[in-house]
Structures are given as structure tokens and as C-alpha cells.
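Now for the letters of each chain:
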Amino acid sequence: MPTVAAGLFDDYDPETFFDEVFSGPGEVREHYTGLLDRLRRFSAEDLARRERRRDAAFRSQGITFTVYEEDEGIERTFPMDLLPRVITAAEWEVIESGLVQRVTALNRFLDDLYVGERAAVHDGVIPWWLVTSSDGFSREAFGIPVPLGARCLVAGIDLVRDAEGRFCVLEDNLRSPSGISYVVENRVAMTRLLPNVFTDAPVRPVDHYGRSLLGALSRVAPPAAGDTPTVVVLTPGVFNSAYFEHVFLAAHMGVELVEGRDLVVDDHVLYMRTTRGLKRVDVVYRRIDDSFLDPVTFRPDSTLGVPGLMAAARSGNVTICNAVGNGVADDKAVYAYVPQMIEYYLGERPILPNVDTYLLWEPEQLEFVLANLDRLVIKPVAEAGGYGITIGPKATEAELEACRADILADPRNWIAQEVVSLSRHPTLIDDHLEGRHIDLRPFVLTSDTVEVIPGGLTRVAMRKGSLVVNSSQGGGSKDTWVLAARPTGEAEGDTDAAAATPLLEVTGDVEVTS
Amino acid sequence: MRLDIRYRSSFTYDGLVRESQNELRACPCTDEFQQLISYRVTTSPTAKVVSSTDYWGTRVDAFGTRAPHSSLEVLAEATVDTRDRPLPMGMSRPELLVEPAFVDRHAEYLERTPHADWGPEIVRLAAEQTAAAGGDVVGWVLALHRLVGATLRYERGVTSVGVPVDEVLAHGHGVCQDFAHLAVALCRSRGVPARYVSGYLFTRDETTLPPADAAEDPDDAVRVQTHAWFEAAIPGHGWFALDPTNQTAVGQRHVKIGHGRDYADVQPLRGVFSGGAGASVTPDVEIRRLPVVETAAVPPPGRLLLEQDRRDQQRQQQQQ
């Protein structure tokens, strides 16, 4: 066996960052030792060959997303690094309980706003003007109840690890969080490309996501739907950047993937057109924006939505997931109030802290931020996908001036945050490893219980030194392992690669290594 | 004054329409000065009508049909009792406009909205008028109200909803929606919360009110369009309603449907259809004054907030 790969790790310098694998030069953290030992058996050439197989497999399955800024939108594969990220059972316990707490509070907040008494506003926890000035606040959603109060049925919460290794919440994604398909597909790919690295590792499974999602969606169906409600996935269509994921979700749940034109409302009941006539629909897992859902209520020019859908939801004949109007709770300025929401609604101390955030309508904070633009991160409050962000330390003088003008034109539209020195993880670059900044987006499902899928999407800022991990900004990903607390033999599910059942078949031209 | 209102809208399509989905906001609201006695919506072809109360407190009737049709008619019939709305008594200091609690409560009535946005000319005019009016918000609002009347000439059909207020101001003429939007924009530009009101006006002509002596009112039905006016929030007093088109305070002849940030929040009828090539809509309102037999069941004053009413109703339902 070639020993070249030993150098793979020997030259690695964790520098001054919090490194996920190395606690110091040459000092491997305990939960990575087994994985590294197994990886050392591969030569650089072995790994390079597997990278080529990975790329071919992802391309042939269409596991892609679209990058919009590069002229007219380019289909890209989402590069998965072959070195997995490992999270210990103890670390995960903190993350999981923190996420359950946070998403529970966010759901309570949304229900309070839309069908409740707005208690948090009356009690001064959050200013009313901040709510009403949020682009995501939907007056059209007022008074529409969601069974079980599961307004964020699917939440994707972005976590980062600071210089001390502490997990913090960077932002909440409560409208249409995407990326879960990569979580599942990355695991499938890893078990096929490097099955041996899983040996003896009690890795908790992620392939049950489709079942979990379908279960949650079924539980929020209108009572009249009975025991087997009809669920559909509503996609904007093939031109959407996450279309692959919409196909994936429908396939994994075993439900129909539909577009707005496949649905019709009759007497305030939603139906889908089928070859055997109309079929009643009880739950819509939609991946289109609020303002496109129903041209009667929202933008009259929307061609993606279903006329009459909102009235059908209001009549209690169909449940829309995620609920309409969730954007008010993932507004980046409202984000700053989530710790207070947790204390207010749950009477608990927040388990996962926020990143320090400055609110620019406060004169002193604005003054401070304008004086320190070159060392802060400035984000627009309503954008997703990393668009519109200025990272002070990396911005040019002209970019900082433009940013300053934007802030002064509409302070409510921006927040500033301290630069978090995101943790780094060794990542395979050509034939060697380099540290790259990473984050973590776990997925949280809410219905009668709150379930966190073990791990989530670890995103990697592939450009050297970059702090932007968004897939739309050219990021990559890693298979993310949460280790079970129990000994290997008793671990649940597919800890053994041989037992893993890939849900999407890898096409024939790809070799499967055993 | 007890009034009987028949609001009728007819869509006539060029060709056969396969589907039509609509929302109607035509129901007179019940508030401190107005009490809805009865309300009924019917459509032809017949459709199931689902009613709800929207965020602003306005009743919404949603209806749609998938039966092929070449015309669609909706008829809303209401009986409502109205009373005069008293003018704010006493002064209101402009400093109170910037009190954080007041600003927070009225935040959404202070913002720019697509139909009530303003440019430098509106800022200049509003500042000029309020400076001349002195240190009283009631005086400010009356001055801005009069400014709208002095600046705009009523001319039916010269604007359609969607013309920016700045342009309306430059042209110098418009319809009731334009008068209301301009008043709202002028108020907001000075930090006075203002909202757009949709309603009906009992008169032969939208711009002509009969003499104040009610005994001389015509008893027969009159045909009008839906009307629009505005309300401004006066610190320490509540909402002050004025009709800039007629240069008058809002009184018994005004029947309020609802309010919002601008027209889009209280648009009387909105909807979509598919299948036909085009459509024409004819709204038609008929208002008839009725003799009041028993004492009108107008609730006692002192309950101004519709939000509070909504919360109370929700409390009841949650206890079930």
C-alpha cells in the first residue's frame, strides 16, 4: 500500500483558527482518530480517482444547483469533499436541544403574531414597528391557523463555530430552507465511494428524512383529511435553483411533485388534476415564495401559484407548509430578538447564542457601525443565499462606501455583525489538505414533536480564506457524521456501509468500490 | 341615518371563462359610529361564498367558480346605521407625534406605500402648510386636507389607480382615490399617521353633498361609485376622518367599509380569471335611505380599536 497519503495530513497547518480535526499541529482530536487512520490507507491518487467518480455520479443524477450571478445561471454540481465532518454525541446533544428550543420559540412567536394575541408585542419583547416593517410579515396570513402551530414545519438553522469552538446561530431559515437533499445524497455517495471509512464508526443515519417529513406533513393535515392525507410538493418548476431537491423530496416521500397549473381550487377545496380526474389535496409542501402563492391575494401576475389557495387554507380545507408569513421571523433584524423570545415564551435561557448583532436604527449602534465598517459584516435583512453581504475586512474602499450609502438610505434594511472567525476543517484541495471555513445547517421538523435530523449540511467555503459558505456563492459541502452515544454494535441504522440502502441508484457507468 | 346599500359588480368576458376566483371587500364595518344591521352576498352563476375578517378588520367574501361562464355578477346588500363622527376637540401638540409608543403603534401608517409615496414637492408643500398652521396636529391635518381640495380638481376618468401621487399632484386633477392618497401622503410626510378609507357615500353625485338639513334629503335611491377618504391619527384623540374630495368632515352620509395603508389593502374587488380573452367590469352602487323604526343599536362610544375586538373574538374561540 502506498504511503504517500501520510503526507496528506503531515503538512496540514491548523494556524490560529478553531480547527475541527486538529487541536494543534499534528494533534488529532479523539473523535477523528479512527477516521484519519482509515483515510491514511488511501493514496492521493486513490482519492483523486474517487473524486472523479463522485463528480460523474453527481452530474449524472442531476444533483446540481444554479448559480444566478454568473450571467444567465449555470448548473453546477455541489462539490462534496471526501473528508467527512464528525460531530460527537456530546456536542450534538447541545446542538439538538438548542435547536429544539429555538424552533419551538420561533413557532410560538409566529402563532402569536398571526392567530394569537400578539402577546410578545404587547409585553414589549419585540417592537411592533419592527414586525410591520418586515418584508416577510404577511398581513394576508392573518387569522389562518396551522394545525399544531407548526408554522415552521421545516426549519434550517445556520450554525457556526467561533474561535473558542462554541456553536452560535448565524441565521434562521424558516421559509423554504434547502439543502437536505445534499445531506442524504452526500451520505449515499460516501458509502459508495469510501465504504471502508465507516467501519466501526457509529454514524447516525440520515436517510429517513423522507419518512420523517411525510409524517410531519401528514400530522398537520386538516382533520377532515382522515388517516391518509394527500400531500404534494409544489415546485416553481425546472428553472428553479433547487428543482433537484423538489424532485428528491417528492420521490423520497412517495408523493406527487406538482406545479401551480396542476392544482385547482373548487368551492374552496384544493384538487390536483390527474389522468383520472380531480383528486383532493390536503397538505401542500410548497417551495415557492409567499407572494407567488395565490394571484387573488398576492401578486396578480403570479403564474406559479393557485388562484383561490389562500381562501381554501383560510377555510381549513388545506394546510400550506411552511406557513405563509414565516419570513417575519427569519428577518435578520428580528433575529436579534430570538434570545428574548426564547426566554419569553419558554422561560428558558437560550442554549445556542446568537452572533453579536448591531441594529442600525439605533443611533449609537449606527454610529459605531459606520465607524467600524471595515471590521464588521453587513447583511441585508431579507435576502437569502449570501447575496448582498459586505465583509468589512475583505471589502475595498469603494465597496465600503457603497455599503455606507446603502445603510444610510434605509437603516432598517441592514444589520451589522462581528466577523465570526468560523471554524476550519481540513479539505481535500488537489492532492493535499488545506483548512477551509465551514458552517452547519441542521434541519428541524416540527409537528406534534420537534425532530432534528442528525447532522445537517456542512457547507465549505471552497475559496481559500473565504468566509462565505453559501452554495449560491460557490461553496462546497461535506458529509456530516453525528456519532451515536451508544457503542458501535448497538448503534441505530446504517452505520455499516454494506447495510446502507442508497435511495437513488448510482448510474451504471460509475464504479462502486467495495 | 339608516341606509340600504346594493353594491353590484358585473364582469362581462370576451368569450367563455373556465375559472374565476375573487375577493370582495364591500361590507360596511361596525365601529364606534356605524353599525351593520344586515349583509348578504350573492353571485350569478352561484358560487359558495366564504367570509372572513382580514388583518385590517375588513370583512372579505371569497368566491370562485369553475363552471364555464361568459359573465359573472356579484351582489352585496347591506343595511347600516350611521352617526356623525365628532371633530377632535382641543389641541394636540406635534411633539406627541414622535413619542416612541405612538410611533410604534402607528408604524404601518407612517410608511411609504406604492399608492401613497411622496417626493420633494409633497414634502415642501406639507411643511409649508403645517408651519403656517402652528403647533396643533388637528390644525395641521385640516390644513393638509384643505390643501388637497385647493390643489386637485375632481375629474372622473382622468386617472386610474396606480398613478403615483406625485404625478397626480403635477396634473392637478384626479378621482376620490387620488384625493385620499394625496392627503395620506401629505400627512405621513409630516409624521402624522394616516390611513386610506374605502366606503360608500350617500349622494346623487360624488362631489356634491345636499344641504346639511337631513329633512330635505331625497328618499329615492342614488347611484354612485364606491368612495374613498382618509383618517389621520391625532395624538390624544384617535382617528380623525376627513373627505378631501368633498372638503368635508366624514359624517352620516359616509359608510365606511374598511381602511388600510392605501387602496391595495381595501380594494373592493380583486380576482383572476382564466380562459376568456378580456373582461370589462361595471361596478354599480345604489344607496337608499330608510326610515329608522326603532332606536338604532349603535354601540356606546369609547371603543375605538378594532384590533381589540378581534383579540376578544379570538379569546372566545380559543376557550372552546
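The structure presented is a predicted model; accordingly, all values stated were derived computationally and were not measured.

**Considering the overall build of chain A**
Phase 1: Check the secondary structure of chain A and you find 14 helices and 24 strands.
Phase 2: Taking all 514 residues of chain A together, the buried fraction comes to 49%.
Phase 3: The contacts of chain A with a sequence gap of at least 6 include a subset with a gap of at least 24, amounting to 71%.

**Concerning the packing of helix α4 (residues 89–114) of chain A against helix α12 (residues 338–346) of chain A**
Residue and element names in this part refer to chain A.
Phase 1: Between α4 and α12, the shortest axis-to-axis distance is 9 Å and the interhelical angle comes to 80°. Viewed along their axes, α4 and α12 adopt a mutual orientation that is roughly perpendicular. Where α4 approaches α12, its residues Gln101, Arg102, Thr104, Ala105, Leu106, Arg108 and Phe109 are matched on the opposing element by Val338, Met341, Ile342, Tyr345 and Leu346.

**Let's talk about unusual backbone geometry**
Phase 1: The peptide bond linking A:Cys321 to A:Asn322 adopts the cis configuration, its omega dihedral lying at -20°.
Phase 2: Along the chain, A:Asn322 falls in the loop between β14 (319–321) and α11 (327–330).
Phase 3: Here the amide bond leading from B:Ser44 into B:Pro45 is cis, since omega sits at 0°, within 30 degrees of zero.
Phase 4: Relative to the helices and strands, B:Pro45 is located in the loop between β3 (34–44) and β4 (50–53).
Phase 5: Of note in the backbone geometry, A:Leu148 takes a positive phi value of approximately 65° without being a glycine.
Phase 6: Residue A:Leu148 is classed as partly exposed on the basis of its C-beta count, with 17 C-beta atoms lying within 10 Å.
Phase 7: For A:His268, which is not glycine, the phi dihedral falls at a positive 65°.
Phase 8: Tracing the sequence through the fold places A:His268 in the loop between β10 (263–266) and β11 (269–274).
Phase 9: For A:His268, a count of 23 C-beta atoms within 10 Å gives the class buried.

**Thoughts on the packing of helix α2 (residues 120–133) of chain B against helix α3 (residues 137–151) of chain B**
All names here are of chain B.
Phase 1: Between α2 and α3, whose axes approach to 8 Å, the crossing angle comes to 130°. By the angle between their axes, α2 is oblique relative to α3. In the crossing of α2 with α3, the sense of the turn from one axis to the other is right-handed. Residues Leu125, Ala126, Gln129, Thr130, Ala132 and Ala133 of α2 touch α3, and the partners they reach there are Gly139, Trp140, Ala143, Leu144 and Leu147.

**Comments concerning the sheet that holds strand β9 (residues 256–258) of chain A**
All names here are of chain A.
Phase 1: In spatial order, the strands read β9-β8-β13-β14; together these four strands make up an open sheet with parallel pairing. Edge positions in the open sheet fall to β9 and β14, since each of these has one partner strand only. When strand polarity is set aside, the average angle formed by the axes of neighbouring strands in this sheet is 25°.
Phase 2: Relative to β14, strand β13 (residues 283–286) runs parallel, the two sharing three bridges. Bridge pairing links valine 284 to isoleucine 320 in β14.
Phase 3: Where helix α8 (residues 209–219) meets the sheet, it contacts β8 (231–234), β13 and β14, and its direction lies at approximately 110° from that of β8.

**A word on the environment of A:Arg273**
Residue and element names in this part refer to chain A.
Phase 1: With respect to the helices and strands, arginine 273 occurs in strand β11.
Phase 2: Placed eleven residues apart in sequence, arginine 273 and aspartate 262 show a C-alpha to C-alpha distance of 5.6 Å.
Phase 3: Ignoring any residue separated from it by four or fewer positions in sequence, one finds arginine 273 in contact with Asp262, Val264 and Leu278.

**Observations concerning the confidence of the model for chain B**
Residue and element names in this part refer to chain B.
Phase 1: Confidence in the prediction of chain B, expressed as mean pLDDT, is 84, and 82% of residues score 70 or more.
Phase 2: Ranking the elements of chain B by mean pLDDT puts helix α6 (residues 306–318) last, at 39, and strand β14 (residues 254–260) first, at 97.
Phase 3: Counting contacts from residues 212–216, a segment whose pLDDT is below 50, to residues more than four positions away or on other chains yields two contacts.
Phase 4: Ignoring residues within four places in sequence, the model shows residues 293–320, a span with pLDDT below 50, making 19 contacts including any to other chains.
Phase 5: For this predicted complex, the interface confidence score (ipTM) comes to 0.84, while the overall pTM stands at 0.88.

**Let's talk about the pairing of strand β23 (residues 457–460) of chain A**
Residues and elements named next belong to chain A.
Phase 1: Alternating residues of β23 divide into Leu457 and Arg459 and Thr458 and Val460, and every residue in both groups is buried.
Phase 2: In this sheet, β23 lies alongside strand β20 (residues 432–441) in antiparallel orientation, the contact comprising four bridges. Residue pairing for β23: aspartate 439 is matched across the bridge by arginine 459.
Phase 3: Where β23 meets strand β24 (residues 476–482), three bridges bridge the pair, whose relative direction is antiparallel. When the sheet's bridge partners are listed, arginine 459 is paired in β24 with serine 477.

**Examining the interface of chain B and chain A**
Phase 1: Listed as interface residues are 24 residues of chain B and, on the opposing side, 23 residues of chain A.
Phase 2: Taken together, the elements giving at least two residues each to the side of chain B that touches chain A come down to β2 (19–24), β4, β5 (59–65), α1 (100–105), β15 (269–274) and α6 of chain B.
Phase 3: The element contributing the most residues to the side of chain B that touches chain A is β2(B), with four residues.
Phase 4: Here the side of chain B that touches chain A is built from residues that sort into six nonpolar, seven polar and eleven charged.

**So, the environment of A:Leu110**
Residues and elements named next belong to chain A.
Phase 1: Inspection of the secondary structure puts leucine 110 in helix α4.
Phase 2: Distance from leucine 110 to cysteine 152, taken between C-alpha atoms, is 8.6 Å for residues 42 residues apart in sequence.
Phase 3: Not counting residues within four places of it along the chain, the set of residues in contact with leucine 110 comprises Arg151, Cys152, Ala323, Asn326 and Ala329.

**Focus: the confidence of the model for chain A**
All names here are of chain A.
Phase 1: When pLDDT is averaged along chain A, the result is 88, and 89% of the positions lie at 70 or above.
Phase 2: Ignoring residues within four places in sequence, the model shows residues 1–5, a span with pLDDT below 50, making eight contacts including any to other chains.
Phase 3: This stretch, residues 488–514, has a pLDDT under 50; its non-local contacts, to residues over four places away or in other chains, come to 47 contacts.

**A look at helix α9 (residues 243–253) of chain A**
Residues and elements named next belong to chain A.
Phase 1: Taken across its eleven residues, α9 has eight buried, putting it largely inside the fold.
Phase 2: Here α9 has its buried residues at Phe244, Glu245, His246, Phe248, Leu249, Ala250, His252 and Met253.
Phase 3: Count one or two residues on from α9 and you reach glycine 254, which has phi positive near 70°.

**Side note on the sheet that holds β15(B)**
Residues and elements named next belong to chain B.
Phase 1: If you walk across this open sheet you meet the four strands as β4-β5-β2-β15, and the pairing is antiparallel. Each edge of the open sheet is held by one strand with a lone partner, namely β4 and β15. The mean inter-strand angle of the sheet, taken between neighbouring strand axes irrespective of direction, is 15°.

Cut-off values and rules
Residues numbered from 1 in each chain as written. Chains lettered and ligands numbered in written order. Predicted model: local features only at pLDDT ≥ 70, side-chain atom pairs only at ≥ 80, totals over all residues. Helix = DSSP H or I, 4+ residues; strand = E, 2+ residues; numbered from the N terminus. Buried ≥ 20, exposed ≤ 12 C-beta atoms within 10 Å, placed from the backbone. Contact = placed C-beta atoms within 7 Å. Axes fitted to C-alpha atoms, helices over the stretch in contact; angles between N-to-C directions. Parallel < 35°, antiparallel > 145°, perpendicular 65-115°, else oblique. Left-handed = near helix turned anticlockwise from the far one by under 90°. Pairing = 2+ DSSP bridges. pLDDT = per-residue confidence, 0-100. Nonpolar A, V, L, I, M, F, W, Y, C, P; charged D, E, K, R; others polar.

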